[in-house]
Amino acid sequence: MNSKKMALLLLLIIPTILSAQKSVIIPQPVSVQFTTGNCVIDKNTALKFNKTDIALQEAAVFFKSVINTISGIELPNNVVKNKSIEFKFINNAELGDEGYLLHITPTSIQIAANKKAGLIYGMQSLFQTLPVIQTNAALIIPCMEIKDYPRFKWRGMHLDVSRHFFGPQFVKEYINLLASYKMNIFHWHLVDDTGWRIEIKKYPLLAQVGAWRVDETDKVWGDRPQAKQGEAPTYGGYYTQEQIKDIIKYAAERNVTIVPEIEMPGHVASAIAAYPALSCTQVPQLPLTGGDYTGMSSNYCAGNDSVFLFLQNVLTEVINLFPSKYIHIGGDEVDKAPWHKCAKCQARIKREGLKNEDELQSYFIRRIEKFIVNKHRQTIGWDEILEGGLAPEATVMSWRGEAGGIQAAKMNHNVVMTPGNPLYFDQYQAGPEGEPTAIGGMSTLKKVYDYDPIPKELNETEAKYVLGAQANLWAEYITTPQHATYMVLPRMLALAEDVWSPKQSKNWQSFNERLQHQFKGFEQRGLNFCYGNFTVDIKPVSENGKLSVTLFTEILNGKIYYTTDGSLPTTESLKYAASIPVSASTVIKAVTVLNGKVMGLKPAEQSFVMHKAIGKNVIYTNPVSKYYMADGPNSLTDGVRGTYAVGKFWHGFSEEDMIATIDLGEEKNVTSISLGCLQHYKDWIFMPSAVKYEISLDGKTFTILQTINNTVSVEDRNSVIKDFTATFAGQNAKFIRVTATNTVCPKGHPGEGKPSWIFADEIIVN
Ligand code: ACM
Ligand code: ZN
């Protein structure tokens with residue numbers, strides 16, 4: 001073979017060899033191209049940088065310390081060796097403030113960026129390809145070229161240190177984890193009812209009193225009794241200003257900005273415990289121990305000028321400590337009842353010409369915003385700050401879904417998206433069987449991965465106001481650092497890809513393959529994390545009047561086995577290949593099988609019923625809540641039974657009765673009618689007090705057949721599913737009307753006397 005032919009052959013072969021090489025980096029860079037060979041970092045590798053540049057010096061210090069932790073190697077600076085690692089600044093508009101170029105050959109590594117942030121991110125990409133703890137393994141990196149920069153500039157993670165106090169060491173570990181995946185905002189929730197966590201020199205009691213509560217950690221949040229006079233407040237802690245400075249410096253070295261949250265005007269029972277004059281009633285109280293607010297003041301008085309003076313003094317110290325452009329002032333979940341009863345608050349409403357208590361909250365936030373803007377900073381708050389009018393320059397953090405964010409973006413205000421589902425990482429990520437008790441909900445890795453921070457409701461101009469997205473870790477149910485990492489890993493990695501990688505490059509399969517490498521790293525470092533959601537997703541699909549079911553597992557290389565006869569699925573059961581038609585009443589049970597083993601504690605399960613009203617139109621006298629639409633308008637006649645998951649397959653009705661009329665299309669002989677209902681005490685969902693069944697031939701004149709009364713106790717705190725079934729001698733009917741009578745939340749319930757919900761899944765006609 002002549003050399004020309006040989007070169008041609010190589011050209012043909014090399015690309016196939018190279019494409020077999022896969023990146024392990026999360027989040028996926030903008031572009032990665034592998035070239036031939038490897039580079040080995042060892043003691044014959046020297047750092048190269050312009051040592052008169054302080055930023056380059058700092059970047060080199062960071063790089064050396066990480067390499068030293070991994071391998072024990074001390075890399076020399078600026079000496080001639082046979083290999084070099086160079087850091088340098090360039091001028092490349094495409095890369096922006098945080099982008100980088102990483103170029104690796106067998107004898108050199110070069111990281112180039114416009115700013116130090118980009119250099120740090122180039123290093124993070126490099127570190128992800130290395131072994132992660134002190135080993136004797138060689139530090140081998142495949143040769144490659146990366147060009148990379150983020151899609152969004154707000155890539156946030158939050159931590160609630162009030163419900164559980166996480167010490168400074170863990171806070172640093174958490175920040176380091178964020179930084180490893182190029183997250184750049186740490187939202188530090190420093191203030192809440194159950195603990196004030198930041199030293200304020202002018203008001204020492206905030207830390208001395210407000211940071212300490214009676215220890216009820218062994219009990220579930222909602223069951224913790226309130227503190228009694230004389231009990232010792234032994235649980236808690238706070239960060240001194242010196243500790244905070246140290247943490248800010250640590251974060252800055254990793255390009256993480258800390259956004260402090262100083263809650264107001266609600267969620268401040270801890271501050272009121274320290275200084276009772278801050279509340280409307282001014283009655284002394286002890287810091288809250290958990291979720292029982294009975295008799296507690298948790299809001300500042302909005303009518304008292306000395307409250308604003310206090311907050312300005314607090315914010316002055318906060319602003320002097322934190323370099324962040326944004327100061328988070330909370331604003332969520334204000335119980336406005338005390339303001340209604342307070343003479344000072346009412347006088348303020350009158351004096352300022354405000355319409356109501358919503359506008360009083362808006363006044364509060366505007367007044368604080370003015371102070372913050374005067375200090376050359378910007379306010380950010382939860383989406384309730386929209387109520388009663390948004391402060392002129394405020395940024396909105398949208399947590400009650402995306403609606404607040406959409407509204408604010410359309411008003412030309414900046415927005416950070418953090419919708420409860422999927423971005424509240426205190427929700428379950430798997431199971432829920434076998435998982436540590438969580439606040440509720442289900443936000444799986446796949447749901448997080450599929451999230452796009454830009455809602456489809458926004459046009460291109462409005463979308464520019466979306467700064468990015470953030471996940472929140474509320475700590476009511478999280479009482480150890482190990483539990484915190486478990487909730488964050490690996491969901492944060494999926495979020496990192498949502499906010500960093502180009503939208504078109506996202507790929508669930510590729511992400512999961514890269515994730516396996518990260519899992520090894522977590523194992524090596526002894527980090528507690530979740531291997532994934534083994535529960536099979538059972539999805540009913542109705543098309544052209546036919547019902548079928550698709551099954552899906554989130555687990556990479558997981559296989560699905562299922563049964564339709566009620567038995568427990570095993571590896572001997574039916575193996576899922578394509579969607580399953582459903583033509584008779586049945587129950588599908590399904591499991592994920594990995595490496596020949598059934599995974600998870602309990603199979604996923606879904607029941608289907610076939611009956612005479614399937615596919616028929618349902619007319620509602622009172623509308624279905626837009627929040628609980630299940631599969632759409634005919635959910636009560638789709639054959640799909642509800643499960644104990646509140647968000648799935650249930651139609652919700654609030655305050656009013658459910659009155660549903662079915663048009664069977666022709667006269668049919670009917671011998672039984674049944675309505676399926678759910679009771680879910682914690683979510684204010686109760687059985688209807690009674691269900692009335694009526695039939696008609698003309699749709700105008702109805703005859704009452706039967707009324708079935710509820711037999712489920714309103715005190716039952718377990719989830720209960722019940723069919724209200726009427727059976728009777730055969731009747732001819734063309735129309736069926738079902739009336740389920742709504743009630744109110746029972747005595748002793750947090751919503752006592754307030755409207756409850758009815759949840760219904762199916763009207764079964766036979
Ligand atoms: C929130 O979850 N209350 C912001
Ligand atoms: Zn007041």
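Here the structure is a predicted model, which is why all the values come from computation and not from measurement.

### Quick notes on the packing of aromatic side chains
Move 1: Per the counting criterion, the structure on display carries 35 aromatic pairs.
Move 2: Between Trp508 and Phe511 the ring centres are 6.2 Å apart and the planes differ by 25°, which places this aromatic pair in the stacked class. One end of the pair, Trp508, and the other, Phe511, are both in helix H18 (residues 508-525), 3 residues apart, so they sit about a helical turn from each other.
Move 3: One aromatic cluster is present, formed by Phe165, Phe166, Phe170, Tyr174, Phe186, Trp188, Tyr239 and Phe322 through successive ring pairs.
Move 4: A cation over an aromatic ring shows up here: Arg254 above the ring of Tyr250, its NZ or CZ 3.7 Å from the ring centre.

### Observations regarding the coordination of the zinc ion (ligand 2)
Move 1: Within the protein, Cys280 (SG), Cys301 (SG), Cys342 (SG) and Cys345 (SG) serve as the donor atoms for the zinc ion (ligand 2), at 2.3 to 2.4 Å.
Move 2: In this structure, the zinc ion (ligand 2) is surrounded by 4 donor atoms whose angles at the metal cover 106 to 115°, and the resulting shape is tetrahedral.
Move 3: You can call Cys301 buried: its relative accessible area is 1%.
Move 4: The class for Cys342 is buried, based on a relative accessible area of 8%.

### Some words on the nonpolar core
Across soluble globular proteins, nonpolar side chains have a tendency to be buried as a group.
Move 1: The biggest cluster of nonpolar side chains holds 118 residues, and the ones touching the most others in it are Trp188, Tyr300 and Met492.
Move 2: If one sorts the elements of this core by residue count, helix H8 (residues 305-321) sits on top with 9 residues.
Move 3: In this structure, Phe49, Ala59, Leu119 and Ile146 belong to the second largest nonpolar core, which totals 36 residues.

### Quick look at the packing of H8 against helix H11 (residues 357-374)
Angle between the axes and distance between the axes are the two parameters that describe a pair of packed helices.
Move 1: For the pair H8 and H11, interaxial distance at closest approach is 11 Å and the crossing angle is 40°. When the axes of H8 and H11 are compared, the pair comes out oblique. When you trace H8 past H11, the crossing you get is right-handed. In this structure, H8 uses Asp305, Val307, Phe308, Leu311, Gln312, Leu315 and Thr316 to contact H11, whose residues at the interface are Tyr363, Phe364, Arg367, Ile368, Phe371 and Ile372.
Move 2: Residues that form the contact of H8 with H11 fall into these classes: 9 nonpolar, 2 polar and 2 charged.

### Examining the sheet that holds strand E15 (residues 378-382)
Move 1: With parallel pairing, 8 strands are arranged side by side around a closed barrel as E7-E8-E13-E14-E15-E16-E17-E18. When strand polarity is set aside, the average angle formed by the axes of neighbouring strands in this sheet is 30°.
Move 2: In terms of strand pairing, strand E8 (residues 185-189) meets strand E13 (residues 257-264) through 5 bridges, oriented parallel. Paired with Phe186 across the two strands is Ile258, which belongs to E13.
Move 3: On top of the sheet, H8 reaches E13 and strand E14 (326-330); it is set at about 170° to E13, its chief contact.
Move 4: Running at roughly 160° to E14, H11 makes contact with E13, E14 and E15 of the sheet.

### Concerning the state of the cysteines
What we call a disulfide is simply a covalent bond connecting the sulfur atoms of a pair of cysteines.
Move 1: Scanning the model with the defined rule gives 0 disulfides in all.
Move 2: There is no disulfide at Cys39, and the cysteine sulfur nearest it, in Cys143, is 6.3 Å away.
Move 3: A relative accessible area of 2% places Cys39 in the buried class.

### A closer look at the side chain of Lys172
Move 1: Relative to the elements of secondary structure, Lys172 occurs in helix H4 (residues 168-180).
Move 2: Excluding residues within four positions of it along the chain, Lys172 makes contact with Asp246, Ile247 and Tyr250.

### A few points about the pattern of salt bridges
Move 1: This structure, assessed with the given rule, holds 35 salt bridges.
Move 2: Residues Glu433 and Lys602 are paired through a salt bridge, measuring 3.4 Å at the closest nitrogen-oxygen approach. With a gap of 169 residues between them, Glu433 in the loop between helix H13 (420-423) and helix H14 (445-449) and Lys602 in the loop between strand E25 (597-598) and strand E26 (604-608) connect regions that are remote in the sequence.
Move 3: Of the charged contacts in the structure, one is a salt bridge between Arg641 and Asp723, with a shortest N-O distance of 2.8 Å. Placement of Arg641 in the loop between strand E27 (617-620) and strand E28 (651-654) and of Asp723 in strand E32 (residues 720-740) is noted, with a sequence separation of 82 residues between them.
Move 4: Of the residues examined, Asp723 reaches a relative accessible area of 34% and is grouped as partly exposed.

The rules we used
- Residues numbered from 1 in each chain as written.
- Chains lettered and ligands numbered in written order.
- Predicted model: local features only at pLDDT ≥ 70, side-chain atom pairs only at ≥ 80, totals over all residues.
- Heavy atoms only, no water.
- Phe/Tyr/Trp six-rings, centres within 6.5 Å; stacked < 30°, edge-to-face > 60°.
- Helix = DSSP H or I, 4+ residues; strand = E, 2+ residues; numbered from the N terminus.
- Lys NZ or Arg CZ within 6 Å of the ring centre and 35° of its normal.
- Donors = N, O, S within 2.8 Å, 3.2 Å for Na, K, Ca; no water.
- Tetrahedral: all angles 85-135°; square planar, octahedral: opposite > 155°, others 65-115°.
- Buried < 20%, exposed > 50% of the residue type's maximum accessible area, 1.4 Å probe, protein only.
- Core = buried A, V, L, I, M, F, W, Y, C linked by side-chain atoms within 4.5 Å.
- Axes fitted to C-alpha atoms, helices over the stretch in contact; angles between N-to-C directions.
- Parallel < 35°, antiparallel > 145°, perpendicular 65-115°, else oblique.
- Left-handed = near helix turned anticlockwise from the far one by under 90°.
- Contact = heavy atoms within 4.5 Å.
- Nonpolar A, V, L, I, M, F, W, Y, C, P; charged D, E, K, R; others polar.
- Pairing = 2+ DSSP bridges.
- Disulfide = S-S within 2.5 Å.
- Salt bridge = Lys/Arg side-chain N within 4 Å of Asp/Glu carboxyl O.

Honestly, that's just the spatial picture; any functional story needs more than this.
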